Amino acid sequence: MIPLLDLKAQYSEIKPEVDAAIQRVVESGQFVLGPDVAAFEERFAAYCDVGYCRALNSGTSALHLALLATGIGPGDEVITVSMTFVATTAAILYSGARPVFVDVDPGSWTMDPSAIEAAITPRTKAILPVHLHGLMADMDPIMEIARRHGLVVIEDAAQAHGAEYKGRRAGSIGDLACFSFYPGKNLGAYGEGGAVVTADPALARRISLLRDWGQEAKYHHVIPGYNFRMDSIQAAVLNVKMNYIEKWTDGRRRVAGHYDEMLSSSELPRPMSPADGRHVYHVYAVEHPHREAAIQALQASGIATGIHYPIPVHLQKAYADLQYKAGDFPVTERLAERFLSLPIYPELQEKQVAEVVRELNEVRVPEFV
C-alpha cells in the first residue's frame, strides 16, 4: 500500500525529540501561549523573512484575524479565488465582508492577475491570493494592482511553508500572510494550529490583542477579541519540526522531481515550478481527463490518491447565496473536474514513485487518447 501521506513515518524520525518536548510542556504547567509559543513565533518569523509572527489555534483563525486587523468588515469586498479550501471564503464572511471570486491561471492554477482589475469596485478593500499546493501565486502583478488601487494584500499561505517567489519567501510579500499547521501540512502540528506573519508591528500588535480576548494585560480588554490562542504543546511540536522543515522540503522536491521526470512523456498537465521560484509540493497534482478511472485503477493496485479540490467554492451549496453559477470560472471548474493528487511525502522512495507512474500510465478507458 502506498498512502497519500505518511505521518507515522515522519513521527518515527523525530519521536524522541517530540516526546521530550511534549513532556517538558506537561511538566511546566504552561499550556497556553507561554515560552514555547514565543520561541516558535520568533523562529517562524525569521523563516518567513518577516519581523513578526503571531501563533493561533488554526489557519482559519489566521485568515479571520488578518482581515479584521486590517479593518475589513461589513460592506467591504475581498477578491480571492474559488479554487481553494472553503476556509478562505469562510474567513471573509466571518469578517462581515463579501468574497468576490476571480478565475485562476491555467498554467499555475493560482490567481490570474489579469482578472483582478475587472473585479475591483468602490467596495473592494483587499486581495487574498491563495498559494495552491505549495506554489506561490504571481505576486508582483498582484502587488502592483493592489498598491495602485490602495488595497491590502493578505497571502493565504496555508499550503506554502517555505515556498519562494523570485527569491522571496511566502509570507514576506503581502501586508500579512496566513499559515496553517494542520497535521497534514508541510509543517504540521499534532492538532490544530495557525499563524499570521507580517512586517508591520502595528498589525502584529492588533493580532496579539484579537487572539486573546482583546487583552493588553490580564483583565484589561481594550478591544473586542477572540479565544484564538495557540496551545503550548502544538508550539513545542512545531519547534522540533522547524529543525527538519528544510530537509523535508528538499525531500518533497526530490520526490516531485522523480514524478516530473517519469511523467515527462505523458499528456497529463501539471504546474511547473518557475526557475526563479520554489514549489514546496504540499500536493503533487496532475490534470487527468478520466479521473475516476484513474482513481479506481490506482486504488486497485494499493495506491491512495486525493482530490484538492473536487468542488470549487462558488459551486458549494453552503455558499449558494453568493449567487455564482456554473460557467462563471471555467478554468477553476475544469481543474476541479480533473485534479488528481498523487502520493507525496519526504519518505516516499523513487521505486514507489515509479510504481505510481506505471499504474497511472496503464489506466485504460475507451475514449482515452
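Residues numbered from 1 in each chain as written. Predicted model: local features only at pLDDT ≥ 70, side-chain atom pairs only at ≥ 80, totals over all residues. Heavy atoms only, no water.

1. Let's talk about the overall build of the protein
In terms of helices and strands, the protein carries eleven helices and 14 strands. Taken over the C-alpha trace, the protein has a radius of gyration of 21 Å; the compact-globule value for 369 residues is 21 Å, and the two agree within 12%. Referenced to the eigenvectors of the C-alpha coordinate spread, the extents of the protein come out at roughly 70 × 55 × 35 Å. The buried share of the protein, taken over its 369 residues, is 57%. In the protein, once contacts between residues fewer than 6 apart in sequence are set aside, the share between residues at least 24 apart is 71%. Carbon and sulfur atoms form 53% of the exposed surface of the protein, whose accessible area is close to 15300 Å². Between the averaged position of the 34 positive side-chain charges in the protein and that of its 45 negative side-chain charges there is a distance of 3 Å. (Helix = DSSP H or I, 4+ residues; strand = E, 2+ residues; numbered from the N terminus. Rg over C-alpha atoms; globule rule 2.2 N^0.38 Å. Buried < 20%, exposed > 50% of the residue type's maximum accessible area, 1.4 Å probe, protein only. Contact = heavy atoms within 4.5 Å. Areas by Shrake-Rupley, 256 points an atom, 1.4 Å probe, with all protein chains shown as cover. Lys, Arg positive; Asp, Glu negative; His and termini not counted. Charge placed at Lys NZ, Arg CZ, Asp CG, Glu CD.)

2. A closer look at the nonpolar core
Core analysis: the biggest nonpolar cluster contains 59 residues, and Phe40, Phe44, Met139, Phe179 and Phe181 have the highest contact counts within it. Among the nonpolar cores identified, the runner-up in size contains 26 residues, and Ala62, Leu65, Val152 and Ile223 belong to it. (Core = buried A, V, L, I, M, F, W, Y, C linked by side-chain atoms within 4.5 Å.)

3. Some remarks on the pattern of salt bridges
Summed over the entire model, instances satisfying the criterion amount to 19 salt bridges. Residues Glu13 and Lys247 are paired through a salt bridge, measuring 2.4 Å at the closest nitrogen-oxygen approach. Separated by 234 residues along the polypeptide, Glu13 in helix 1 (residues 7-28) and Lys247 in helix 8 (residues 245-262) bring together distant segments of the chain. The shortest N-O distance in the salt bridge between Arg168 and Asp140 comes to 2.7 Å. With a gap of 28 residues between them, Arg168 in strand 7 (residues 168-169) and Asp140 in helix 5 (residues 139-149) connect regions that are remote in the sequence. Residue classification places Asp140 among the partly exposed positions, given a relative accessible area of 29%. Connected via shared salt-bridge partners are Glu164, Arg169, Glu246 and Arg278. (Salt bridge = Lys/Arg side-chain N within 4 Å of Asp/Glu carboxyl O.)

4. Overview of the pairing of strand 13 (residues 284-287)
Both faces of the sheet carry side chains from a regular strand, because those side chains alternate between them. Burial of strand 13 is two-sided: the residues Tyr284 and Val286 facing one way and the residues Ala285 and Glu287 facing the other way are all buried. Bridge count for strand 13 against strand 14 (residues 339-342) is four bridges, and the pairing is antiparallel. Across the sheet, Val286 pairs through a bridge with Leu340, a residue of strand 14. (Pairing = 2+ DSSP bridges.)

5. Regarding the pairing of strand 3 (residues 98-102)
Of all five residues in strand 3, four are buried, a share of seventy percent or more. Strand direction decides the pairing type here: strand 2 (residues 77-81) and strand 3, joined by five bridges, are parallel. Pairing of Val78 across the sheet is with Pro99, part of strand 3. After leaving strand 2, the chain enters helix 4 (residues 87-94) and then returns to the sheet as strand 3, a path that is right-handed. (Right-handed = clockwise from strand over helix to strand, strands pointing away.)

6. A short note on empty space enclosed by the protein
Scanning the model with the defined rule gives two cavities of 30 Å³ or more in all. If you add up the space inside the largest cavity, you get close to 90 Å³. Around the largest cavity sit 13 residues that line it, and Leu5, Gln10, Lys185, Arg252 and Pro346 are the ones nearest its centre. Every element with two or more residues in the lining of the largest cavity is listed here: helix 1 and helix 8. No other element matches the three residues that helix 8 contributes to the lining of the largest cavity. Of the residues belonging to the lining of the largest cavity, the class tally is five nonpolar, four polar and four charged. Taken together, Trp109, His133, Asp260, Arg270, Pro271, His279, Tyr281, Val283, Tyr284 and Ala285 make up the lining of the second largest cavity. By residue class, the composition of the lining of the second largest cavity is six nonpolar, two polar and two charged. (1 Å grid on protein atoms, 1.4 Å probe; cavity = no way out; pocket = protein on both sides within 12 Å on 5 of 7 lines; lining within 4 Å. Points joined across faces, edges and corners; volume = space filled by probe spheres on them. Nonpolar A, V, L, I, M, F, W, Y, C, P; charged D, E, K, R; others polar.)

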